[in-house]
Amino acid sequence: MGDVAMTVPVVASLARQYPHVHITMLSKDFVRPLFEGLAPNVSFMGADLKTEYHGVKGLNALYRRLTAKNFTAIADLHDVLRSKYLRLRFDLGRYKVAHINKHRQSRCQLVSARNKILRQLPTAFENYAEVFAKLGYPVQLDMGFRMREFPLPSGGEIAADNMLEGGPLIGIAPFAAHEGKIYPLNLMEKVIAQLAERHPSARMFFFGGGQEELAVFQQWAKQFPRCMVVGDHLHGFDQELALMQRLNVMISMDSGNMHLASLVGLSVVSIWGATHPYAGFYGFGQRPENAVQLDLPCRPCSIYGNKKCMRGDLACLKNISPEQIINKVEAVIFG
């Protein structure tokens, strides 16, 4: 989901700079709200690769559906097995095709255990823009991009005036896809407790949707009365984006919620462990000083956070104190 979210400002910049070009974004249907209303010349096509377009037969059917649209150029922003197959079909059909360069060699150097080269790699946004440049549409990224205004659903506790008055209003997204990117929950609980103590009028909103995540959130919400589980009240990206637009700051891991918050211009205090902003996946338009991370010789050890900790202790996360995070949050709110 984070990868898809990172395409949004690039597609929006492309659409604005080439208003005569019609752009169709192909992805899983659940990300449709990210592209609806993005620009008059942007449309969205949903595809379920697990059911309707499963396997080679399904991909062939999807290819036929796409060719019926009479596209003049194909941009592969994913470069995975399924998109490579579709790309091959378009190549054979003599379409103009370009795909993303993931700079795999440079990434290997960045996470190397012995001969690490710690330097900023091209960002995902720059890599996406490069694909369009290959197709003949060079893109100047609009660093001031913000998504359209999303309305909160009428009724419900979050929409009530007293929930979004006063403040500060703090979003917290403590989970990620892999352990190497998750700040220990016992330490995150201390962050919440200290914020609640230091700012009694603050409201905190927990973002995340898995069953295990919701169970943790429910426990925290019982402990801290001015906290709310977003998933109990809002459903879908559009509703969550509407709430994010009204917050003062988001605390997030290197995760999809960091990117969603970035799309609406919300400042994010992001926590980094096994991964590193140098890999190119920092939130769009986020200030570098709002990243919380430790300088360790082993960091980063993984591009996506899915590798086992070579030290075995996840010191990159466990040694980040709650105070480091709180200080960043307060600097954003009051700074």
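Quick summary incoming for the structure in this document. These numbers come from a predicted model, not from an experiment.

**Focus on the packing of aromatic side chains**
Applying the stated rule across the entire model yields 12 aromatic pairs. Ring geometry for Phe90 and Tyr95: centres 5.0 Å apart, planes at 85°, overall edge-to-face. By relative accessible area, which is 2% here, Phe90 ends up buried. Residue classification places Tyr95 among the partly exposed positions, given a relative accessible area of 23%. Judged by centre distance (6.2 Å) and plane angle (40°), the rings of Phe217 and Trp220 are tilted. Of this pair, Phe217 and Trp220 both sit in helix 7 (residues 211–223), three residues apart, which is roughly one turn of the helix.

**As for empty space enclosed by the protein**
Inspection of the entire model under this criterion finds one cavity of 30 Å³ or more. Within this model, the largest cavity holds a volume of roughly 80 Å³. Along the wall of the largest cavity there are 14 residues; nearest its centre are Cys298, Cys301, Cys309, Met310 and Cys316. Taken together, the residues of the lining of the largest cavity break down into nine nonpolar, one polar and four charged.

**Section: the pairing of strand 5 (residues 169–173)**
Of all five residues making up strand 5, five are buried, and the element is well covered by its neighbours. Residue alternation in strand 5 divides its side chains into two sets, Leu169, Gly171 and Ala173 and Ile170 and Ile172, and both sets are buried. As defined by bridge partners, strand 5 adjoins strand 6 (residues 203–206) across four bridges and the pair is classed as parallel. Bridged to Gly171 within strand 6 is Phe205. For the handedness criterion, the β-α-β arrangement of strand 5, helix 6 (residues 185–198) and strand 6 is classed as right-handed.

Rules behind the numbers
- Residues numbered from 1 in each chain as written.
- Predicted model: local features only at pLDDT ≥ 70, side-chain atom pairs only at ≥ 80, totals over all residues.
- Heavy atoms only, no water.
- Phe/Tyr/Trp six-rings, centres within 6.5 Å; stacked < 30°, edge-to-face > 60°.
- Buried < 20%, exposed > 50% of the residue type's maximum accessible area, 1.4 Å probe, protein only.
- Helix = DSSP H or I, 4+ residues; strand = E, 2+ residues; numbered from the N terminus.
- 1 Å grid on protein atoms, 1.4 Å probe; cavity = no way out; pocket = protein on both sides within 12 Å on 5 of 7 lines; lining within 4 Å.
- Points joined across faces, edges and corners; volume = space filled by probe spheres on them.
- Nonpolar A, V, L, I, M, F, W, Y, C, P; charged D, E, K, R; others polar.
- Pairing = 2+ DSSP bridges.
- Right-handed = clockwise from strand over helix to strand, strands pointing away.

Remember that the coordinates give geometry; whether it matters functionally is a separate question.
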